[in-house]
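Coordinate inspection notes
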Amino acid sequence: MTARIEPVTAPYPANVQAAFERFPRSWMPPFRLFTTLARHPELFERFVRGAPSYLPGTHVSVRQREILLLRVTARCRCEYEWGMRVHYFADKAELNVKQVRATVHGDAGSACWLNGDAVLIRLADELHDTCSISDELWNALRAAFGDDAILELVVMAGYYRTVGYLALGLRLPLEPKVGRSFPAA
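Note that this is a predicted model, so its numbers are computed, not measured.

**Topic: the packing of helix α4 (residues 62-75) against helix α9 (residues 147-169)**
It is at 9 Å that the axes of α4 and α9 come closest, and there the two elements cross at 35°. Between α4 and α9 lies a crossing of right-handed hand. Where α4 approaches α9, its residues Arg65, Leu68, Leu69, Val72 and Thr73 are matched on the opposing element by Leu153, Met156, Ala157, Tyr160 and Arg161.

Quick look at the structure:
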């Protein structure tokens, strides 16, 4: 796949370089999504500062975050982000091979999900399909999460749908060494 917009290369504008220096070392060299967005430094800065996934004091566990985001990116068919999330976070989230596969080829009824996991799959699916949350799902979310966590989950889902738009619309290739392809059906 040929990317539609070429990324910028070092030396980066000062605000972009400062952001890259705050990234984890394992994200270096900077991912193509970031270096492509860095062509527009103000937009890049807004984008990275708006990332809701790693809030200090979050009300969402790593496992909950990753189940939701793997499903969101899988539903968007965004192999670029899905594969990096698998690489970096599947083990930390204690997701097994069947669960990772089910984020792409399963649904909320897949037998691999533990208590509470299915509501996250349902949330990703409903938001993807309807851009809304049904009363039935809302009640399930309220039984599992507080208001702050629900707000975080919905914002994360929207943010990573935007990542899907960017990666797919710009035709970003998988990142070398850390990109993972979707599992076969």
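That covers the picture; the talk isn't over yet.
**Regarding unusual backbone geometry**
A cis geometry characterises the amide bond from Ala10 onward to Pro11, with omega recorded as 0°. Topologically, Pro11 is positioned in the segment before α1 (14-22). Cis geometry is found at the peptide bond from Met28 to Pro29, where omega equals -5°. With respect to the helices, strands and loops of the structure, Pro29 is situated in the loop between α1 and α2 (32-37). You will see that Cys131, though not glycine, has its phi angle at about 60°, which is positive.

**Some points on the side chain of Arg85**
With respect to the helices and strands, the residue Arg85 is situated in helix α5 (residues 79-89). Setting aside anything within four residues of it in sequence, one finds Arg85 in contact with Tyr54, Arg65, Glu66, Leu69, Leu70, Ala90 and Tyr160.

**Structural notes on the packing of α4 against helix α7 (residues 117-130)**
The interhelical angle for the contact between α4 and α7, taken along N-to-C directions, is 35°, at an axis separation of 9 Å. For the pair α4 and α7, the sense of crossing is right-handed. Contacts between α4 and α7 involve Arg63, Gln64, Ile67, Leu68, Arg71, Val72 and Arg75 on the former and, on the latter, Asp117, Leu120, Ile121, Leu123, Ala124, Asp125, His128 and Asp129. Residue composition of the contact of α4 with α7, by class: 7 nonpolar, 2 polar and 6 charged.

**Let's talk about the pattern of salt bridges**
Taken as a whole, this structure holds 11 salt bridges when the rule is applied. The partner of Arg63 in a salt bridge is Asp117, and the shortest N-O contact between them spans 2.7 Å. Residue Arg63 is found in helix α4, and its partner Asp117 is found in helix α7; the two are separated by 54 residues along the sequence. Exposure class is identical for Arg63 and Asp117. Each is buried. Residues Arg85 and Glu66 are paired through a salt bridge, measuring 2.7 Å at the closest nitrogen-oxygen approach. Taken together, the residues Arg85 in helix α5 and Glu66 in helix α4 connect sequence positions 19 residues apart. Taking relative accessible area as the criterion, Glu66 reaches 0% and is therefore assigned buried. One continuous salt-bridge network, built from bridges that share partners, spans Arg65, Glu66, Glu81 and Arg85.

**What to know about the packing of aromatic side chains**
Think of a pair of aromatic rings as described by two things: how far the centres are apart, and how the planes are tilted against each other in angle. By the definition in use, this model includes 14 aromatic pairs. With centroids separated by 4.9 Å and ring planes inclined at 85°, the aromatic side chains of Tyr12 and Phe20 adopt a geometry described as edge-to-face. Judged by centre distance (5.8 Å) and plane angle (40°), the ring pair of Trp27 and Phe31 falls under tilted. On the basis of relative accessibility, which here comes to 7%, the residue Phe31 falls in the buried class. Chaining the aromatic ring pairs together yields one cluster made of Tyr12, Phe20, Phe23, Trp27, Phe31, Phe34, Phe44, Tyr88 and Phe89.

**Focus on the nonpolar core**
The biggest cluster of nonpolar side chains holds 60 residues, and the ones touching the most others in it are Leu33, Phe34, Phe44, Phe47 and Leu68. Per element, the largest residue contribution to this core is 10 residues, and it comes from α9. Ignoring any residue separated from it by four or fewer positions in sequence, one finds Leu68 in contact with Leu120, Leu123, Ala124, Leu153, Met156 and Ala157.

Analysis parameters
- Residues numbered from 1 in each chain as written.
- Predicted model: local features only at pLDDT ≥ 70, side-chain atom pairs only at ≥ 80, totals over all residues.
- Heavy atoms only, no water.
- Axes fitted to C-alpha atoms, helices over the stretch in contact; angles between N-to-C directions.
- Helix = DSSP H or I, 4+ residues; strand = E, 2+ residues; numbered from the N terminus.
- Left-handed = near helix turned anticlockwise from the far one by under 90°.
- Contact = heavy atoms within 4.5 Å.
- Nonpolar A, V, L, I, M, F, W, Y, C, P; charged D, E, K, R; others polar.
- Salt bridge = Lys/Arg side-chain N within 4 Å of Asp/Glu carboxyl O.
- Buried < 20%, exposed > 50% of the residue type's maximum accessible area, 1.4 Å probe, protein only.
- Phe/Tyr/Trp six-rings, centres within 6.5 Å; stacked < 30°, edge-to-face > 60°.
- Core = buried A, V, L, I, M, F, W, Y, C linked by side-chain atoms within 4.5 Å.

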